[in-house]
Amino acid sequence: LVAAIVIVMIMWGSSEIEVKVDNNTLTIKSVYGMTIPLSDIIQVDTITSLPGISEKINGFDDFGGTRRGSFRLVDNSSVKLFIKPGHPPYLLIKSKDNGRIYLNFKDKQ
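Here's what I pulled together on the structure shown here. All figures in this text were calculated on a predicted structure; none of them were measured in a lab. (Residues numbered from 1 in each chain as written. Predicted model: local features only at pLDDT ≥ 70, side-chain atom pairs only at ≥ 80, totals over all residues. Heavy atoms only, no water.)

**Digging into the sheet that holds strand E3 (residues 34–37)**
Then, number 1: Pairing is antiparallel in the open sheet, where 3 strands are placed in the order E1-E2-E3. Of all the strands in the sheet, the pair left with one neighbour each is strand E1 (18–22) and E3. Along the sheet, successive strands turn relative to each other by an average axial angle of 15°, direction set aside. (Pairing = 2+ DSSP bridges. Helix = DSSP H or I, 4+ residues; strand = E, 2+ residues; numbered from the N terminus. Axes fitted to C-alpha atoms, helices over the stretch in contact; angles between N-to-C directions.)

Pasting the structure below:
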């Protein structure tokens, strides 16, 4: 039973994120997902590499293959990650209340 629960959690955490823009909000549906008012978004940019990640604060990390939730960078700042490292491009969203959020998708388009 415990093994089945662990397998289900890894599969759920590793699944593709879903991002929707509705009613003046951006919603990231995933483990540790979030909703951000569009008025709080300061900048959105496409980047090709991630900053150095030092540790998980409160999140999901399946041995470096998928990262979801709050992480600390090597510069000691905290960010939200919804990524599969090593699969650029990444989308960087800077928000007033939520800081920096990084995400990427299977489909690069």
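**Some words on the pairing of strand E9 (residues 99–103)**
Then, number 1: Pairing geometry for strand E7 (residues 78–83) and E9, over 3 bridges, is parallel. Counted as the bridge partner of Leu-81 is Tyr-102 from E9.
Then, number 2: Looking at chain direction, strand E8 (residues 90–95) and E9 are connected through 5 bridges and run antiparallel. Within E9, the residue paired with Ile-93 across the bridge is Ile-101.

**Observations regarding the pattern of salt bridges**
Pairs can form between side chains of opposite charge whenever their charged atoms are close.
Then, number 1: Evaluated as defined, the whole model comprises 3 salt bridges.
Then, number 2: Residue Glu-18 pairs with Lys-20 through a salt bridge whose shortest N-O separation is 3.3 Å. (Salt bridge = Lys/Arg side-chain N within 4 Å of Asp/Glu carboxyl O.)

**Some details on unusual backbone geometry**
Then, number 1: Note the cis peptide between Pro-88 and Pro-89, where omega equals 5°.
Then, number 2: Even without a glycine there, the phi angle at Asn-23 is positive, about 45°.
Then, number 3: The topology assignment puts Asn-23 in the loop between E1 and strand E2 (25–29).
Then, number 4: Classification of Asn-23 as exposed rests on a relative accessible area of 73%.
Then, number 5: Positioned with a positive phi, Asn-24 is a non-glycine residue whose angle comes to about 65°. (Buried < 20%, exposed > 50% of the residue type's maximum accessible area, 1.4 Å probe, protein only.)

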